[in-house]
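# Descriptive analysis of the structure
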Amino acid sequence: MSENFSTTANKEGKKSNLEILGLSGIFQKIAEDRRSGILVAQIKNDEMNIGFKDGVVQIIASPNRPSILAEGLRRAFHEIDDNTLENLFYQQGISGDSLSQILLEMGAERNFIKDVCVFQIQEEVYSLFRWADIRLEFLENKKPEEVFPRELLSLDIALDPEILLMEAARRLDEWTSIQHDLPSGQDIPYIAQDIYEDQLTPEEIHLLSLVDGGGDFEEIVSSCRVPEFQTWQLFQSMYQQGYIALRTDQELKEMAELDEFKENLYKCIKLYERAETLGSKDVDTIQWLAEAYESKGLIAKAIAKYKELGEFFLEKKNFSGAIDAYEQVINYSSEDLDAHEKLINVLFEDGQFIPGAQASIVYAKKLALEDKRKSIQVLEDAYQYNPLSPEVLETMATFYYELGENIDAIFTYTTLANLYKSRELYKDTINSYEKILSLDGNNIEARIELANTYLVMGEHEKGVLEYKKLGDILTDSHLLQQPFVFSYLINVCEKIIEFEPDNLSAREWLADVYLYHKKISKAKEVLLEVLSLIKPSENLNVLVSILRKLVQIDPENRDYCQRLAETYHTLNKKNEATQVLINLANFSWEKAEETVAQDQDARSIYEECIESLDMAITIDPFHLEIRQKRAKVLEALSYTKEAIEEYKLISHMTKAVHNHYDNLSALYHLLELAPEEEFFAYLELARLCERQNNFDLAIRFYKKYVYFCLEKGDFGEVLLVCRRLVVLAPEDEEVQNWRKVSLEITKS
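Residues numbered from 1 in each chain as written. Predicted model: local features only at pLDDT ≥ 70, side-chain atom pairs only at ≥ 80, totals over all residues. Heavy atoms only, no water.

### Here's the deal with the packing of aromatic side chains
The condition that has to hold: Pairing of aromatic rings covers Phe, Tyr and the six-membered ring of Trp, with a centre-to-centre limit of 6.5 Å; geometry is then stacked below 30 degrees between planes, edge-to-face above 60, and tilted otherwise. Counting from the N terminus, the helices are DSSP H or I runs at least four residues long and the strands are E runs at least two residues long. Under the scheme applied here, a residue whose accessible area is under 20% of the maximum for its type counts as buried, over 50% as exposed, and between as partly exposed, the area being computed with a 1.4 Å probe on protein chains only. Criterion for a charge above a ring: Arg CZ or Lys NZ at most 6 Å from the ring centre, at most 35 degrees from the ring normal.
One pass over the full model with this rule turns up 17 aromatic pairs. Measuring from centroid to centroid gives 5.6 Å for Phe 27 and Phe 129, while their planes differ by 55°, and the two rings are tilted. In this pair, Phe 27 sits in helix H1 (residues 17-33) while Phe 129 sits in the loop between helix H5 (110-128) and strand S5 (135-139), placing the two residues 102 residues apart along the sequence. With a centroid separation of 5.7 Å and 20° between ring planes, the pair formed by Phe 353 and Tyr 385 is classed as stacked. Of this pair, Phe 353 sits in helix H18 (residues 353-367) while Tyr 385 sits in helix H19 (residues 372-385), and the two are 32 residues apart along the sequence. What makes Tyr 385 partly exposed here is its relative accessible area of 43%. Taken together, the ring pairs in this structure connect Tyr 668, Phe 679, Tyr 682, Phe 701, Tyr 705 and Phe 708 into an aromatic cluster. Its end group placed over the ring of Trp 175, Arg 130 keeps NZ or CZ at 3.5 Å from the ring centre.

### Details of helix H14 (residues 283-295)
Short version of the rule: One fewer than the residue count of a helix, multiplied by 1.5 Å, yields its expected span. Note on contacts: a residue pair qualifies if any of its non-hydrogen atoms lie within 4.5 Å across the two residues. Polar contacts, as counted here, are pairs of nitrogen or oxygen atoms within 3.5 Å of one another; within protein the pair requires one atom able to donate a hydrogen and one able to accept it, and residues that are adjacent in sequence qualify only if both atoms are side-chain atoms.
In this model, H14 (13 residues) spans 18 Å end to end at C-alpha, consistent with the 18 Å of a helix rising 1.5 Å per residue. All of the buried residues in H14 are Thr 285, Ile 286, Leu 289, Ala 290, Ala 292 and Tyr 293. For H14, the secondary structure elements touched by its buried residues are helix H11 (249-256), helix H13 (265-277) and helix H15 (299-315). Measuring from the backbone nitrogen of Asp 284 back to the side-chain oxygen at the start of H14 gives 3.2 Å, which picks out Asp 282 as the cap. Downstream of H14 by a residue or two, Gly 297 has a phi angle that is positive, lying close to 75°.

### Looking at the side chain of Glu 684
Locating Glu 684 in the fold gives a position in helix H35 (residues 680-691). On the basis of relative accessibility, which here comes to 16%, the residue Glu 684 falls in the buried class. When sequence neighbours within four positions are dropped, the list of residues in contact with Glu 684 reads Lys 655 and Leu 667.

### Topic: the environment of Phe 486
Positionally, Phe 486 belongs in helix H25 (residues 483-499). Residue Phe 486 is classed as buried on the basis of its relative accessible area of 18%. For Phe 486 and Tyr 516, which are 30 residues apart along the polypeptide, the C-alpha to C-alpha distance reads 9.5 Å. Contacts of Phe 486, omitting those with residues within four sequence positions, involve Val 513, Tyr 514, His 517 and Lys 519.

### Observations concerning helix H10 (residues 228-240)
For H10, spanning 13 residues, the distance from its first C-alpha to its last is 18 Å, which sits close to the expected 18 Å at 1.5 Å a residue. Along H10, the residues that are buried comprise Phe 229, Thr 231, Trp 232, Leu 234, Phe 235, Gln 236 and Met 238. Buried residues along H10 sit against H5, helix H7 (161-181), helix H8 (202-210), helix H9 (217-223) and strand S7 (244-246).

### Observations concerning unusual backbone geometry
Despite not being glycine, Arg 34 shows a phi value in the positive range, around 50°. If you check the backbone angles, Asp 133 has positive phi at about 55° while not being a glycine. Structurally, the position occupied by Asp 133 is in the loop between H5 and S5.

### With respect to the packing of helix H16 (residues 319-332) against helix H17 (residues 337-349)
Formally: For helices, the fitted line uses only the C-alpha atoms of the stretch in contact; every axis is such a line through C-alpha atoms, and the angle between N-to-C directions lies from 0 to 180 degrees. The labels follow the angle: roughly parallel below 35 degrees, roughly antiparallel above 145, roughly perpendicular from 65 to 115, and oblique for the rest. Should the near helix be turned anticlockwise from the far one by less than a right angle, the crossing is termed left-handed; should it be turned clockwise, right-handed. Residue type decides the class: Asp, Glu, Lys and Arg count as charged, Ala, Val, Leu, Ile, Met, Phe, Trp, Tyr, Cys and Pro as nonpolar, and the leftover types, Gly among them, as polar.
Here H16 crosses H17 at 155°, and the two axes come no closer than 9 Å. Of the possible angle classes, the one that applies to H16 and H17 is roughly antiparallel. Handedness of the crossing formed by H16 with H17: left-handed. Contact with H16, carried on its side by Phe 319, Ala 322, Ile 323, Tyr 326, Glu 327, Val 329 and Ile 330, involves Ala 339, His 340, Lys 342, Leu 343, Val 346, Leu 347 and Glu 349 of H17 and no other residues of that element. Of the residues contributing to the contact of H16 with H17, the split by class is 10 nonpolar, one polar and three charged.

Here you go:
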């Protein structure tokens, strides 16, 4: 079990009762409820685990720090000397034993170990109350042995949370005073006057021995033997008495140039950072820090400094420096849109129009994820500076297209196409016209230009294809009825054929023109001519197109239909092939039905229908529509046995895919054709109805099945079905009687 004591809001923006308590409130709550468990305290880069037992603090530990005993011994300035402490840690490194065990072997008393731990636990708890943005979680089921050293858990430690809270509150007031005089742990103190030892306490002498080595307060506090809070108290006192002073910003920068610090880049970074905070901010300092951060992999800090550097250079009109700075920002943070925008402005202001246009494209693409209209504005500005950039136009047109503003997109693509054409970049020209046509397939001007460009490139087939598409457009236009349009189309076709006499597409287009103008005989003549020229093994797709048109002209021609289906099949277009044959079969069926209605013999027509369906089955044996139509035609031809087999197959097919509707239909047909022989269908119908919750109908079909089973003397089957019927119709006397009789017979 765990409870979340986070002092930050949850996803809904609300806080639980425990979250509202805060750290001191949580301590009090645990003490009042006498709870046992581990309170996990976390901030961004640190973690502390506080062990509670029956409401009192028992132990504390951090995965990122030494044990409380090790840290307590290091801070026990008066209790253990440096040599003993060094020997203690040395012995631990050699033996691997715990510090408490080594201390006991060295003659230390257990109470000494306990007192050191108690003192350090208190220090750690007090420091915890200075953490900002703390997040807490109380774990009641976590075993202390999994978190804390076993030898320290055995110490009889029980610290009252109330007393700890009072001392923590007192210290917080003192910290306010300390921070007023010594605001930063990164300040570097130095001895400001001659001091005699009789003026100082041993602790002050110890601390002053660490001053003037160039260390800042954080470094001294970390390495000294005095507890942290006492260390700061002593430093404040010595500062107030004038024994120590703080290095100025200029002195800090001078220190960074000394040989003893120059090789320690992290130390130099700290010196420059504090110098900046104290007011020494100039281009050299900013640039030094930016490059230092970069070299040490402190990328977030490097980015911030390069942005700051860019602003400084920009103010001084140092465009080259600003460009370099913003490029560095983008290099490490490509999603920084502000840096992209500033880089573009500087490039254009510096007259670097081509790089500015390239930078604008990069910026616009990133900006487009949030605001395409603003991206377009960026590109329009870039176009004003560099109107000969095809990349700018291409990107701008793409954004217009994505916004659905097709008129602007087409205008931009047209400008782009003209630019490419002027440079004889024909592939790019074609790409631009194709994009226009993707937006407006009826754009005659773009289609003509695209066709002409293909011809200039010597790609005649593609050019002819575009002319063909143009012909389709003109055929569909409102000018279609005008005589000159028809003449124009015919002339275009004939010219293409004259230019490429073997061009089947052009000939097919000519046939299309005749078709559009209802000149069917001329169209058929051209199509048959194309058909005679086609080599099926090489032009299957063209063959399909021609045959489709011939079928359109003459849908009763079985030869055209069957040849079209065969060609589709060769192309592995099974669906298309079967559909052609289904259409042919439907046509035969309708014709046969008309013949029957006129009291004439329709058998031969039905046979033709079967022939088409049989051909379709060879292509797709499991096509449901074909099977259903075939069964229907067989039934019409009085081929009852074959029709029954077909309906059985349909039933199996539809049952396998849970197609209940068509399965029901097939079963009904079976019962209509052969109710005696195919009585099993009643059982299938009953089961289907039951699945569909149509219980009344299910009972009817189950009973009909039972009748047949009774007639055949299959009492075992009757018994099985009656068991189901008893569930569906428990009060049905007839069912009860059947069941009783079947039981008696089967037993005997």
